[in-house]
Amino acid sequence: MCEPKESSQLQAWIFKPDTLDACRARANRIARKRLVERQSNDSEAAKNHPTVECFARHFTKEKYMDEEEGPLEIDGNPFLDPSEEALLVSFYASKLPTLIGPMAQIPRLRRESKVPATAVMLLRRFFLSNSVMMFDPKTIMVAAAFLASKVEDAMTDVRYLEEGTQKMNAPVTQAEIIPAEISLLAGINFELLCFHPYKAVLAFTEDLRTYLKSDRGKHLVTFPNDVHRPITGHDLKPMHDAAQLIVNDVIVSDIPLLYTPAQIGLAALMVANEQQQQQQQSKDDVPQINLLGYLSQRFEEAEKTNMTPLLDNLCHMLRGLKEGKYGCANHHVDMQVLKGVHKKLKKCRLWGQKDKKKKRKKDNAEGSDPEKKRAKTS
């Protein structure tokens with residue numbers, strides 16, 4: 001098994017916020033140029049088989065600084081901008097736990113939380129290099145769920161995923177899922193291993209349970225009203241459970257692309273500890289834990305001077321997830337804005353055009369036949 005620090009996730013798929021924005025801007029720019037180029041190409045194959053990109057891995061802004069911006073509209077219809085694309089990706093990412101995971105609508109699709117977490121990670125990696133104007137995000141979402149079930153050794157039948165999309169009123173067929181899975185693999189450089197904060201939260205909680213009982217660690221925990229007693233595993237359970245709920249929001253957001261699972265897990269415990277203290281100030285059984293002190297003592301190699309501002313910033317981001325920030329579409333999604341983006345996408349996308357042309361030809365054929373036209377109007 002690969003160690004997290006040696007994994008492709010930490011080596012190639014952790015970004016700075018401005019780098020994420022630059023990746024999405026380039027994916028959008030490439031899509032705009034290619035859509036205009038394909039419009040003038042008479043080849044049906046060229047129009048319906050987009051090229052999969054994978055430039056986000058080891059992305060550097062300097063390499064693409066001199067690229068031309070490209071066209072901003074096609075046939076008078078404006079293209080989506082990167083923020084609108086990110087909104088759509090975030091929306092579909094938030095639907096993955098409903099499709100597959102502990103809360104899946106179809107019982108046969110109920111899996112551990114790590115499966116939807118991996119699916120979201122694969123989906124977001126793909127759309128750092130590729131545009132929703134070139135690839136249907138709904139189909140890629142289902143392909144990510146199918147691929148994640150295999151990656152996490154929790155295999156499901158593709159038929160159940162098709163059934164799950166029907167249950168969500170967003171049908172995707174088996175014939176669409178398999179080709180999308182191939183595109184997804186190419187778009188993430190076939191790097192499938194994903195680590196998540198769930199295990200980090202559990203590992204830190206287990207270590208706290210033993211370390212805070214030791215002579216060196218017991219001064220890091222206090223109880224309200226001058227209560228003095230050893231800490232127990234039961235005292236830590238509310239904090240652990242609250243941190244896991246925070247991670248449920250984290251996994252559908254951009255944060256796993258910005259920080260390591262261990263950093264997120266520790267920050268989630270810090271925010272959960274704050275919440276427990278605020279919600280239950282009058283209770284004597286809510287421990288107050290100095291987690292930064294624990295970090296500096298328990299892991300002596302850790303540089304507290306560097307970790308403190310990093311964790312402060314990360315905790316601030318985790319508090320903002322409930323407001324729908326940082327790509328977390330579990331909360332405060334403006335459906336009117338989302339509908340507007342979907343409507344705009346229909347006029348500037350590559351996928352879905354074939355079906356639209358077939359429908360138009362059928363309508364034209366019926367319109368040219370007087371008998372069919374009379375029957376239709378009657």
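Turning to the overall build of the chain, a few remarks are in order. Helix and strand content of the chain: 16 helices and 4 strands. Each of the 378 residues in the chain was classed as buried or not, and the buried ones make up 48%. Expressed as a percentage of contacts within the chain between residues at least 6 apart in sequence, the contacts between residues at least 24 apart total 77%. About 19,600 Å² of surface is accessible on the chain, with carbon and sulfur atoms providing 52% of the total.

Formed by 112 residues in total, the largest nonpolar core has its most connected members in Leu99, Ile255, Ile289 and Leu318. In terms of residues, this core owes the most to one element, helix α5 (residues 114–129), which gives 10 residues. Other than its neighbours up to four places away in sequence, Ile255 contacts Val250, Ile264, Leu314, Met317, Leu318, Leu321 and Tyr326.

Moving on: unusual backbone geometry. Located in the positive-phi region is Asn169, a residue other than glycine, with phi close to 60°. Along the polypeptide, Asn169 turns up in the loop between α7 (158–167) and α8 (174–187). Taking relative accessible area as the criterion, Asn169 reaches 71% and is therefore assigned exposed.

Residue position: Gly340 is located in helix α14 (residues 335–345). Separated by 256 residues in sequence, Gly340 and Glu84 place their C-alpha atoms 9.7 Å apart.

When two helices pack together, their arrangement is given by the angle between the helix axes and the distance between those axes. Two numbers describe how helix α9 (residues 197–211) lies on helix α12 (residues 291–298): the axes approach to 12 Å, and their chain directions differ by 80°. By the criterion of interaxial angle, the relationship of α9 to α12 is roughly perpendicular. Contacts between α9 and α12 pair Phe204, Asp207, Leu208 and Tyr211 from the former with Leu291, Tyr294, Gln297 and Arg298 from the latter.

Let's shift gears to the confidence of the model for the chain. For the chain, the average pLDDT comes to 88, and 88% of its residues sit at 70 or higher. Long-range and interchain partners of residues 355–361, a stretch whose pLDDT sits below 50, account for 2 contacts in this model, where long-range means more than four residues apart. Here residues 373–378 is modelled with pLDDT under 50, and outside its nearest four sequence neighbours on either side it reaches 4 contacts, counting other chains as well.

Before going further, it helps to spend a moment on the packing of α9 against helix α11 (residues 261–279). Two numbers describe how α9 lies on α11: the axes approach to 8 Å, and their chain directions differ by 60°. Here α9 is positioned oblique relative to α11, judged by the angle of their axes. For the pair α9 and α11, the sense of crossing is right-handed. Of the residues in α11, those in contact with Pro197, Ala200, Val201, Phe204 and Thr205 of α9 are Pro261, Ala262, Ile264, Gly265, Leu266, Ala268 and Leu269. Within the contact of α9 with α11, the residues separate by chemical class into 10 nonpolar, 2 polar and no charged.

Bringing the pattern of salt bridges into the picture now. Under the counting rule described, the total for this entry stands at 19 salt bridges. The shortest N-O distance in the salt bridge between Arg29 and Glu67 comes to 2.9 Å. Of this pair, Arg29 sits in helix α2 (residues 17–39) while Glu67 sits in the loop between α3 (44–48) and β1 (73–74); the two residues are 38 residues apart in sequence, bridging distant segments of the chain. Under the relative-accessibility criterion, Arg29 is labelled buried at 11%. Residue classification places Glu67 among the partly exposed residues on the basis of a relative accessible area of 28%.

Bringing α9 into the picture now. The α-helix winds at 3.6 residues per turn, so residues separated by three or four positions along the chain end up facing the same way. Counted at 1.5 Å a residue, the expected span for α9 with its 15 residues is 21 Å, and the 21 Å between its end C-alpha atoms agrees. Looking only at α9, the buried set comprises Pro197, Tyr198, Ala200, Val201, Phe204, Thr205, Asp207, Leu208 and Tyr211. Where the residues of α9 are buried, they touch α5, α10 (233–250), α11, β4 (288–289) and α12.

Within the secondary structure, Arg26 is located in helix α2. According to the relative accessible area criterion, Arg26 is buried, its value standing at 11%. Engagement of the side chain of Arg26 in a polar contact is seen with the side chain of Glu67, the distance being 2.7 Å.

Turning our eyes to something else, we now look at the packing of aromatic side chains. Counted under the stated rule, the structure contains 7 aromatic pairs. With a centroid separation of 5.0 Å and 90° between ring planes, the pair formed by Phe126 and Phe127 is classed as edge-to-face. Phe127 gets classed as buried once you look at its relative accessible area, which sits at 6%. Note on Tyr211 and Tyr294: the rings are 5.9 Å apart at their centroids and 65° apart in plane angle, and the pair reads as edge-to-face. Taken as a pair, Tyr211 in helix α9 and Tyr294 in helix α12 lie far apart in primary sequence, 83 residues in all. Taking the relative accessible area as the measure of exposure, Tyr211 reaches 11% and is therefore buried. Aromatic rings pair up to connect Phe126, Phe127 and Phe135 into one cluster. Positioned above the aromatic ring of Phe55, the side-chain terminus of Arg26 is 4.6 Å from the ring centre. Above the face of the Phe146 ring, Lys150 is positioned so that its terminal group lies 4.1 Å from the ring centre.

The rules we used
Residues numbered from 1 in each chain as written. Predicted model: local features only at pLDDT ≥ 70, side-chain atom pairs only at ≥ 80, totals over all residues. Heavy atoms only, no water. Helix = DSSP H or I, 4+ residues; strand = E, 2+ residues; numbered from the N terminus. Buried < 20%, exposed > 50% of the residue type's maximum accessible area, 1.4 Å probe, protein only. Contact = heavy atoms within 4.5 Å. Areas by Shrake-Rupley, 256 points an atom, 1.4 Å probe, with all protein chains shown as cover. Core = buried A, V, L, I, M, F, W, Y, C linked by side-chain atoms within 4.5 Å. Axes fitted to C-alpha atoms, helices over the stretch in contact; angles between N-to-C directions. Parallel < 35°, antiparallel > 145°, perpendicular 65-115°, else oblique. pLDDT = per-residue confidence, 0-100. Left-handed = near helix turned anticlockwise from the far one by under 90°. Nonpolar A, V, L, I, M, F, W, Y, C, P; charged D, E, K, R; others polar. Salt bridge = Lys/Arg side-chain N within 4 Å of Asp/Glu carboxyl O. Expected span 1.5 Å × (residues − 1). Polar contact = N/O pair within 3.5 Å; in protein donor to acceptor, adjacent residues only side chain to side chain. Phe/Tyr/Trp six-rings, centres within 6.5 Å; stacked < 30°, edge-to-face > 60°. Lys NZ or Arg CZ within 6 Å of the ring centre and 35° of its normal.

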